[in-house]
Amino acid sequence: MERDTIDWNDVAVFVCVVECAGFSKAARALGRPKSSVSREVARLERALGVQLLKRTTRSFSLTDAGRAYHVRAAGSLAAMREVNACLLYTSDAADERSS
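Trainee: Mind laying out the overall build of the chain, listing which residues take part and the relevant values?
Mentor: A count of helical and extended segments in the chain gives 4 helices and 2 strands. Element order for the chain, N to C, with α for helix and β for strand: α-α-α-β-β-α. Relative to its 99 residues, the chain shows a buried fraction of 30%. Taking as baseline every contact in the chain between residues at least 6 positions apart, the subset at least 24 positions apart corresponds to 52%. As displayed, the chain offers around 6900 Å² of accessible surface, 54% of which is attributable to carbon and sulfur atoms.

In structure tokens form, the structure reads like this:
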């Protein structure tokens, strides 16, 4: 079975849902409709071919795969933010030196 390409925005939404402890809170934090947040997490699960969350009408829980994926994904996103911040800092410093 061919899987879809992973969208890093979907990964970030999944991490936000877990860290906000819910779809509604994550939607508010992201400034998006709850339905979009749910759709993005579902798309990530389809692309990975694994269920990350067990959903009920009022709550969710992480599957074992979801728990493991969250730990690694959250770490990867944090590392990317750090790299981006360093690059921006380096770029700003280079701009100031050339002025």
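Trainee: So what's going on with the packing of aromatic side chains? Which residues, and what values?
Mentor: This structure, assessed with the given rule, holds 2 aromatic pairs. Measuring from ring centre to ring centre gives 6.0 Å for phenylalanine 23 and phenylalanine 60, while their planes differ by 80°; the resulting arrangement is edge-to-face. Note that phenylalanine 23 is positioned in helix α2 (residues 23–30) and phenylalanine 60 in strand β2 (residues 60–62), a separation of 37 residues in sequence. For the pair phenylalanine 23 and phenylalanine 60, a shared accessibility class is recorded, and that class is buried.

Conventions we followed
Residues numbered from 1 in each chain as written. Predicted model: local features only at pLDDT ≥ 70, side-chain atom pairs only at ≥ 80, totals over all residues. Heavy atoms only, no water. Helix = DSSP H or I, 4+ residues; strand = E, 2+ residues; numbered from the N terminus. Buried < 20%, exposed > 50% of the residue type's maximum accessible area, 1.4 Å probe, protein only. Contact = heavy atoms within 4.5 Å. Areas by Shrake-Rupley, 256 points an atom, 1.4 Å probe, with all protein chains shown as cover. Phe/Tyr/Trp six-rings, centres within 6.5 Å; stacked < 30°, edge-to-face > 60°.

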